[in-house]
Amino acid sequence: MLVTIKTEDARLGMFVHAVKGGWMASPFWRRHFMLDTAADLKKLRESGVVGLVIDLSRGIGPAAAPPAPGSVLAGPDDAAPDAGLAALDEPHLPSRRRRGAISPEQRAQAVVDASKVIVQAMFDEVRLGRAVDVQALTPVAEQIVESVTRDAAAMLNVTRLKSKDEYTYVHSIAVAALLIHFAQTLKLPDADVSALGLAGLLHDIGKMGVPKALLDKPGKLEPPEMAVLRHHPEKGYALLSAGRALPPVVLDVCLHHHERYDGRGYPEGLRGDQLSLAARMSSICDVYDAVTSQRPYKRPWSPSEALSRMRSWSGHFDAELLDRFIESIGIHPVGGLVRLQSSRLAIVIEGNDREPTQPIVRVFYDIPAQRFIPAHDLAATIADDPIHRAECGQRWFGDRWTTLESEILGERPAPSAAAMSKGVLS
Ligand SMILES: [Fe+2]
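My aim in this report is to walk through the structure given alongside it, one point at a time.

Analysis parameters
Residues numbered from 1 in each chain as written. Predicted model: local features only at pLDDT ≥ 70, side-chain atom pairs only at ≥ 80, totals over all residues. Heavy atoms only, no water. Donors = N, O, S within 2.8 Å, 3.2 Å for Na, K, Ca; no water. Tetrahedral: all angles 85-135°; square planar, octahedral: opposite > 155°, others 65-115°. Salt bridge = Lys/Arg side-chain N within 4 Å of Asp/Glu carboxyl O. Helix = DSSP H or I, 4+ residues; strand = E, 2+ residues; numbered from the N terminus. Expected span 1.5 Å × (residues − 1). Buried < 20%, exposed > 50% of the residue type's maximum accessible area, 1.4 Å probe, protein only. Axes fitted to C-alpha atoms, helices over the stretch in contact; angles between N-to-C directions. Parallel < 35°, antiparallel > 145°, perpendicular 65-115°, else oblique. Contact = heavy atoms within 4.5 Å. Nonpolar A, V, L, I, M, F, W, Y, C, P; charged D, E, K, R; others polar. Pairing = 2+ DSSP bridges. 1 Å grid on protein atoms, 1.4 Å probe; cavity = no way out; pocket = protein on both sides within 12 Å on 5 of 7 lines; lining within 4 Å. Points joined across faces, edges and corners; volume = space filled by probe spheres on them. Arc of directions from axis to C-beta.

### Quick notes on the coordination of the iron ion
- For the iron ion, the protein coordination sphere consists of Asp204 (OD), His232 (NE2), His257 (NE2) and His258 (NE2), at 2.1 to 2.3 Å.
- Metal-centred angles of 87 to 176° between the four donor atoms at the iron ion mark the site as irregular.
- In primary sequence terms, the donor set of the iron ion follows D-x27-H-x24-H-H.

### Considering the pattern of salt bridges
- Summed over all chains, the structure comprises 14 salt bridges.
- Ionic pairing is found between Arg344 and Asp385, a salt bridge with its closest N-O pair at 3.0 Å. Residue Arg344 is found in strand E6 (residues 344–350), and its partner Asp385 is found in the loop between strand E8 (371–379) and strand E9 (387–391); the two are separated by 41 residues along the sequence.

### Section: helix H5 (residues 167–185)
- In a regular helix each residue adds 1.5 Å, so 19 residues correspond to 27 Å; H5 covers 26 Å between its end C-alpha atoms and thus fits that length.
- H5 sits mainly inside the fold: 17 of its 19 residues count as buried.
- Looking one or two residues beyond H5, the residue adopting positive phi is Lys187, at roughly 60°.

### Overview of the packing of H5 against helix H13 (residues 319–329)
- Remark: H5 packs on H13, axes separated minimally by 9 Å, with the N-to-C direction vectors making an angle of 100°. Taken as axis vectors, H5 and H13 run roughly perpendicular relative to one another. Listed contacts from H13 to Leu178, His181, Phe182 and Thr185 of H5 are Leu321, Arg324, Phe325, Ser328 and Ile329.
- Tallied by class, the residues present in the contact of H5 with H13 amount to five nonpolar, three polar and one charged.

### Topic: the sheet that holds strand E5 (residues 337–340)
- Pairing in this open sheet of five strands is antiparallel, and the strands run E8-E7-E6-E5-E9 from one edge to the other. Each having just a single partner strand, E8 and E9 make up the two edges of the open sheet. The average undirected angle you get between the axes of adjacent strands in this sheet is 30°.
- Note: strand E7 (residues 360–366) against E8, six bridges, orientation antiparallel. Counterpart to Ile360 in the pairing with E8 is Ala379.
- The sheet strands contacting helix H15 (residues 401–410) are E5, E6, E7 and E8, and the helix crosses E6 at an angle near 65°.

### Comments concerning the layout of surface pockets
- The computed volume of the largest pocket comes to approximately 1400 Å³.
- Taken together, 41 residues form the lining of the largest pocket, with Lys207, Met226, Leu229, His258 and Ala290 sitting closest to its centre.
- No other element matches the five residues that helix H11 (residues 277–292) contributes to the lining of the largest pocket.
- Class assignment for the residues of the lining of the largest pocket results in 15 nonpolar, nine polar and 17 charged.

### Structural notes on the environment of Ser103
- Tracing the sequence through the fold places Ser103 in the loop between helix H2 (82–87) and helix H3 (104–127).
- Along the sequence, Ser103 and Ala154 sit 51 residues apart, while their C-alpha atoms lie 9.1 Å from each other.

### Quick notes on the pairing of E5
- Side-chain alternation along E5 places Leu337 and Arg339 on one buried face and Val338 and Leu340 on a second face that is also buried.
- Remark: three residues form the turn of the hairpin made by E5 and E6, two consecutive strands paired antiparallel; Ser343 in that turn has positive phi of roughly 60°.
- Here E5 runs beside E9; their pairing, made up of four bridges, is antiparallel. Along E9, the bridge assignment pairs Val338 with Ala390.

### Quick word on the environment of Val134
- As for its position among the elements, Val134 is in helix H4 (residues 134–158).
- The spacing of Val134 and Arg244 is 110 residues in sequence and 7.8 Å in space, taken between C-alpha atoms.
- Apart from residues lying up to four places away in sequence, Val134 is in contact with Leu198, Arg244 and Leu246.

### Topic: the sheet that holds strand E3 (residues 33–34)
- With antiparallel pairing, four strands are arranged side by side in an open sheet as E1-E4-E2-E3. Both edges of this open sheet fall to strand E1 (2–6) and E3, since each of them pairs with a single strand only.
- For strand E2 (residues 15–19) and strand E4 (residues 51–55), the ladder comprises three bridges, and the chain directions are antiparallel. Residue pairing for E4: Val16 is matched across the bridge by Ile54.

### Re H15
- Restricting attention to buried positions, one finds in H15 the residues Trp401, Leu404, Glu405 and Ile408. The arc enclosing the buried residues of H15, seen along the axis, measures out at 100°, which places them on a common side. Projecting away from the buried face of H15 at angles above 90 degrees are the exposed residues Thr402, Glu407 and Gly410.
- Buried residues belonging to H15 abut E5, E6, E7, E8 and helix H14 (393–397).

Structure follows, in structure tokens:
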């Protein structure tokens, strides 16, 4: 269905079918296109084009009602500067009959694109020596909270994709989204969730005090270069302390996101309980996003592989908190013990990039019968035998677990058991 709207009513997520006044007046070379970046929205609004024909079957429609109370766009108290508001125009929920016109990923991508414009502009200002404009970032953090609350998986998926040029900005948005989702899973108060979102956006602001050539250098840094880079938490802390008052957690995360639980991190070498919950959460989220990001010069680890490797780094993270993070992501790492819906225990032996919640597992124990069964591999799909939850090997098998685990992983799957099970891979 085609609908004509005023250009000023254009929103991210709309599919533009035609431009009123002819294509000579259009600032775009494409005839039909999805309005999916804040930059295009701004260009359109400044173009002098008076109206648009939008296709409701391929994108969202005009706003039917004012933003809901509590929205960052709702009231004058929360109003951001004009540029920020324009860039943050939220695609409104489509009406019931239009639902399905825009996917969760498209919606999340629109929020990331809009956030990126503001984060990049603010970071660039800081690189030029100007103060951090926290007011412009607060609505961005709130917008990410809304997006994560609506569909965390979509938001976490789209923030994994980063080009070389935008890495620092999108990484900041990704860490914000991960921290928000983690905080919600831990059932932290709403005010803390929002503050952690802002902390994620600003955690690497100190990198704006590091030469760009160093940040963009592909491959390994030399020791002196690494020393310069390692000053970014302190530089960020100094920048943020010099500006207007911020929630203490923002400063804490900025200074301590590279600390390690065993005290071997930087800049202060704090350990264990010396590190706040926010600092311990941020170090997990920061590393997880860095290693799972698609970069031009390195293969990203799959979420399952990343969580598995992170769990093997003894002393790096608060192990108990890392397990909670793994639960929040909903992806079971390779090597993790899981309980299947069929009340059997299994070890995850291979991730599944297409369906990360459905890895390949090696089944070895029948819980109701309390006995070991011939080990066999199967895909933990919804149709076959989905994962019910993560389990702790030590709790089930005590000190025997480490030996038992290597025996199971070293064991060849039993063909007879495998043949009897649907979805068998071996
Ligand atoms: Fe950092």
